[in-house]
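# Residue-level structural notes
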Amino acid sequence: LGPINAEVDEPVFHHEWEGKALALARTGLAGGHFNLDEFRHAMERIEPSYYLTSSYYERWLEGSITLMVEKGVVTQAEFDARLADLRGGTS
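Residues numbered from 1 in each chain as written. Predicted model: local features only at pLDDT ≥ 70, side-chain atom pairs only at ≥ 80, totals over all residues. Heavy atoms only, no water.

Of the regular secondary structure elements, the chain holds five helices and zero strands. Order of helices (α) and strands (β) in the chain, N terminus to C terminus: α-α-α-α-α. With the C-alpha coordinates of the chain rotated into their principal frame, the extents come out at 40 × 35 × 25 Å. Per-residue burial for the chain yields a buried fraction of 21% across its 91 residues. Of the contacts made within the chain by residues no fewer than 6 positions apart, 52% connect residues no fewer than 24 positions apart. (Helix = DSSP H or I, 4+ residues; strand = E, 2+ residues; numbered from the N terminus. Buried < 20%, exposed > 50% of the residue type's maximum accessible area, 1.4 Å probe, protein only. Contact = heavy atoms within 4.5 Å.)

With that settled, the discussion passes to the nonpolar core. Counting residues in each nonpolar core, the largest one holds 11 residues, listed as L22, A25, F34, F39, A42, M43, I46, Y57, W60, L67 and M68. Sorting the residues of this core by element identifies α1 (16-30), α2 (36-44) and α4 (56-70) as the ones contributing at least two each. In terms of residue count, α4 provides more of this core than any other element does, four residues in total. If sequence neighbours within four positions are ignored, L67 has contacts with F34, E38, F39, A42 and R45. (Core = buried A, V, L, I, M, F, W, Y, C linked by side-chain atoms within 4.5 Å.)

Inspection of every chain in the model, using the stated rule, returns six aromatic pairs. Look at F13 and Y57: their rings are 5.5 Å apart centre to centre, the planes differ by 55 degrees, and that puts the pair in the tilted class. Of the two residues, F13 is situated in the segment before α1 and Y57 in helix α4; the sequence distance between them amounts to 44 residues. Their ring planes at 40 degrees and their centres at 5.6 Å tell us that Y56 and W60 sit as a pair that is tilted. With Y56 and W60 both in helix α4 and four residues apart, the pair spans about one turn of that helix. Classification of Y56 by relative accessible area gives partly exposed; the value is 47%. Following the ring pairs from residue to residue traces out a cluster consisting of F13, F34, F39, Y56, Y57 and W60. The cationic tip of R59 hangs over the ring face of Y51; the distance from NZ or CZ to the ring centre is 4.5 Å. (Phe/Tyr/Trp six-rings, centres within 6.5 Å; stacked < 30°, edge-to-face > 60°. Lys NZ or Arg CZ within 6 Å of the ring centre and 35° of its normal.)

None of this, on its own, says anything about what the molecule does.
So this is what it looks like as structure tokens:
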């Protein structure tokens, strides 16, 4: 996949949503909704071509969403509705 090019003075997050993805994962872990092993396993279950083309925080977000739905924290319908709201510009 080539070399990793480190940025000079690289920011912690390149986009605001990355911090929110980290917060979601940490909330799920701290809230007891899932543990670190389950979280790692959820990311390992991501479809390989998507995993390899996703950023670090995209994988964290995908793992968190997968577990939140699997554990019944949110339903798939609730997630889909919220995603539709966000795509429509509602926050």
